[in-house]
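The chain contents come next:
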Amino acid sequence: MVKILIGVLALQGAFREHQKMFEYCGIKTVQVRMPEQLNNIDALVIPGGESTTMSKLLVEYDLLNPIIELGQKGLPIMGTCAGLVLLAREIVNSNQQPVLQLMDIKVKRNAFGRQRESFETDLDITELGELPLRAVFIRAPYVVSAGENVKVLSSFKNKIICVEQQNLIGVAFHPELTKDIRLHRYFINKIPV
Ligand code: GLN
């Protein structure tokens, strides 16, 4: 089998948990903190955390533009929770700038309201098979609107919470906080062999 290496952006947030998921899949990962570390990766994950902090650090560590370029060239990138916010073309309730703006979506941050700021639920995602996917939402965003080139993989209470646009996947919840590796596998399958 061809050796695959997945970069996990490790500036802040839940990057170790993503690494663990790929380990379960038998895939090697590297923590990305410097532009050089983007050179040999086959895919990149942008974890959950705090999108405002992460966007500042992306600029400070000279990672913003290299990641935008790689995403535009077709590198598979998956953003979860804060990572979804960073991938969005527009954030409707924040003047936070800059972000990667790679996906043709508008997102709302911390969008599920106070008493629902954190919750768990089961989601149906056809692409992952029959069994529902347990999903942990922590001060999660949702997608307010998506362009026609964006495929909606899942919605919850009529809110779009999982999207795909060619090489890119955006997820409002935390797929790395359960033992279910199907979404990570789905992402790995985006890597051309
Ligand atoms: N509310 C956070 C943000 O907008 C995201 C929360 C998370 O990643 N768990 O940055």
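Residues numbered from 1 in each chain as written. Predicted model: local features only at pLDDT ≥ 70, side-chain atom pairs only at ≥ 80, totals over all residues. Heavy atoms only, no water.

In this section: the pairing of strand β2 (residues 28–32). Walk down a regular strand and you will see the side chains alternate between the two sheet faces. As paired strands, strand β1 (residues 5–9) and β2 are joined by five bridges and run parallel to one another. Pairing of Leu5 across the sheet is with Lys28, part of β2. In this fold, β1 hands off to helix α1 (residues 15–24), which returns the chain to β2; that crossover is right-handed. (Pairing = 2+ DSSP bridges. Helix = DSSP H or I, 4+ residues; strand = E, 2+ residues; numbered from the N terminus. Right-handed = clockwise from strand over helix to strand, strands pointing away.)

Our focus in this paragraph is the pattern of salt bridges. Pairing between side chains of opposite charge can happen when their charged atoms approach one another. Applying the stated rule across the entire model yields eight salt bridges. Glu120 is paired through a salt bridge with Arg134; the nearest N and O atoms lie 3.1 Å apart. Here the residue Glu120 occupies a position in strand β7 (residues 118–123), and Arg134 occupies one in strand β8 (residues 133–138), the gap between them amounting to 14 residues. Take Glu120: its relative accessible area is 47%, and that puts it in the partly exposed class. The exposure class assigned to Arg134 is partly exposed, which follows from its relative accessible area of 36%. (Salt bridge = Lys/Arg side-chain N within 4 Å of Asp/Glu carboxyl O. Buried < 20%, exposed > 50% of the residue type's maximum accessible area, 1.4 Å probe, protein only.)

Positionally, Asn167 belongs in the loop between β11 (159–165) and β12 (168–171). According to the relative accessible area criterion, Asn167 is buried, its value standing at 13%. Engagement of the side chain of Asn167 in a polar contact is seen with the backbone oxygen of Leu75, the distance being 2.8 Å. Filtering out sequence-adjacent residues up to four positions away, Asn167 remains in contact with Gly71, Gly74, Leu75, Pro76, Ile77 and Lys190. (Polar contact = N/O pair within 3.5 Å; in protein donor to acceptor, adjacent residues only side chain to side chain. Contact = heavy atoms within 4.5 Å.)

The next subject is the nonpolar core. Core analysis: the biggest nonpolar cluster contains 71 residues, and Phe137, Ile161 and Phe173 have the highest contact counts within it. No other element matches the five residues that helix α4 (residues 82–87) contributes to this core. (Core = buried A, V, L, I, M, F, W, Y, C linked by side-chain atoms within 4.5 Å.)

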